[in-house]
Amino acid sequence: AQDDPSDEPTGRGGKPKENRWIRGGNVGLWLGTYTFVQAAPFVGYRVTDRLTTGAGIDFTYIRNRNTIPVDEFSIFGGNLFGRFNVSRELFLQAEYSALSLPDNGNRIWYNSPLVGGGYFPGRGAYIMAMWALNPDYPIANPILRMGFMF
């Protein structure tokens, strides 16, 4: 039996609808005297073939046994981003990031626009470099990220 094309969801002009949602994120793991664990998933929507917008969350746990007392804390936050595909493999990204860090028993929020770009050879891994425009942002420039996108 042949598939009935009328069963396929269609978009404009009767063409099959394409899933425009993307998802991905970064994960990081370093265990030892210095422990670093990070999970930073994101979801995005391809507005056009070249423009994607989205949002992500970030959780990082750090423990440094080289200090006395042992330094142990977590960082959490989120971001909103826009990504423009310059070519099939290269993209530019702008995002607004907010991170909460501990400070003398309290938590302080650090906010910054970030700009940068990256390389994405297709479905799978990507690498990017971002620069925080706020000099008080707690992560040093450049901010390097490697992750997966589907």
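Residues numbered from 1 in each chain as written. Predicted model: local features only at pLDDT ≥ 70, side-chain atom pairs only at ≥ 80, totals over all residues. Heavy atoms only, no water.

### Focus on the overall build of the protein chain
Here is step 1 of the chain: Summing up its helical and strand segments, the protein chain has zero helices and eight strands in all.
Here is step 2 of the chain: Each helix and strand of the protein chain, placed in order from N terminus to C terminus, yields the pattern β-β-β-β-β-β-β-β.
Here is step 3 of the chain: Put simply, the protein chain has 150 residues, and 33% of those count as buried.
Here is step 4 of the chain: Residue pairs at least 24 apart in sequence account for 39% of intrachain contacts in the protein chain once pairs closer than 6 positions are excluded.
Here is step 5 of the chain: By element, 60% of the accessible surface of the protein chain is carried by carbon and sulfur atoms, the whole surface being about 10,000 Å². (Helix = DSSP H or I, 4+ residues; strand = E, 2+ residues; numbered from the N terminus. Buried < 20%, exposed > 50% of the residue type's maximum accessible area, 1.4 Å probe, protein only. Contact = heavy atoms within 4.5 Å. Areas by Shrake-Rupley, 256 points an atom, 1.4 Å probe, with all protein chains shown as cover.)

### Observations concerning the pattern of salt bridges
Here is step 1 of the chain: For the structure shown, the criterion picks out two salt bridges.
Here is step 2 of the chain: The salt bridge involving R20 is made with D49; its shortest N-O contact spans 3.7 Å. You can see R20 sitting in the segment before β1 (21-30) and its partner D49 sitting in the loop between β2 (34-46) and β3 (51-64), a full 29 residues away along the chain.
Here is step 3 of the chain: You can call D49 exposed: its relative accessible area is 58%.
Here is step 4 of the chain: Residues E95 and R145 are paired through a salt bridge, measuring 2.9 Å at the closest nitrogen-oxygen approach. With E95 in strand β5 (residues 90-103) and R145 in strand β8 (residues 143-149), the pair connects residues that are 50 residues apart, well separated along the chain.
Here is step 5 of the chain: According to the relative accessible area criterion, E95 is buried, its value standing at 5%. (Salt bridge = Lys/Arg side-chain N within 4 Å of Asp/Glu carboxyl O.)

### Remarks on a nonpolar patch on the surface
Here is step 1 of the chain: A surface patch of nonpolar side chains, amounting to about 1,100 Å² of accessible area, comprises W21, V43, Y45, V47, L51, F84, V86, L90, L92, Y119, I127 and M146.
Here is step 2 of the chain: Relative to the elements of secondary structure, L92 occurs in strand β5. (Patch = residues over 30% accessible without salt bridge, like charges linked within 9 Å, V, L, I, M, F, W, Y side chains within 5 Å.)

### Quick look at the nonpolar core
Here is step 1 of the chain: Within the largest apolar cluster, 17 residues are counted, with the highest numbers of intra-cluster contacts made by F42, L114, Y126, Y137, I143 and M149.
Here is step 2 of the chain: For this core, the secondary structure elements donating two or more residues are β4 (71-85), β5, β7 (124-132) and β8.
Here is step 3 of the chain: The element contributing the most residues to this core is β7, with four residues.
Here is step 4 of the chain: Apart from the residues lying within four places of it in its own chain, the contact partners of L114 are Q93, A94, E95, S97, M130, W131, A132, Y137, I143 and R145. (Core = buried A, V, L, I, M, F, W, Y, C linked by side-chain atoms within 4.5 Å.)

### Some words on the sheet that holds strand β6 (residues 106-119)
Here is step 1 of the chain: The strand order around the closed barrel built from eight strands is β1-β2-β3-β4-β5-β6-β7-β8, with neighbouring strands paired in antiparallel fashion. The average angle at which neighbouring strand axes cross in this sheet is 25 degrees, direction not considered.
Here is step 2 of the chain: Strand direction decides the pairing type here: β3 and β4, joined by 14 bridges, are antiparallel. In the sheet register, F59 faces β4, and the bridge partner there is F76. (Pairing = 2+ DSSP bridges. Axes fitted to C-alpha atoms, helices over the stretch in contact; angles between N-to-C directions.)

### Quick word on the pairing of β4
Here is step 1 of the chain: Hairpin connection of β3 to β4: six residues between the antiparallel strands.
Here is step 2 of the chain: Taken together, the 10 bridges between β4 and β5 define a ladder with antiparallel strand orientation. For N79, the partnering residue across the bridge sits in β5 and is S97.
Here is step 3 of the chain: Here β4 hands over to β5 after four residues, the two strands then running antiparallel side by side.

### Overview of the packing of aromatic side chains
Here is step 1 of the chain: One pass over the full model with this rule turns up four aromatic pairs.
Here is step 2 of the chain: Seen from their ring centres, F76 and W109 are 5.8 Å apart, and the 80 degrees between their planes marks the pair as edge-to-face. One end of the pair, F76, is in strand β4; the other, W109, is in strand β6, with 33 residues separating them in the sequence.
Here is step 3 of the chain: Look at F76 and you get partly exposed, because its relative accessible area is 33%.
Here is step 4 of the chain: Under the relative-accessibility criterion, W109 is labelled partly exposed at 47%. (Phe/Tyr/Trp six-rings, centres within 6.5 Å; stacked < 30°, edge-to-face > 60°.)

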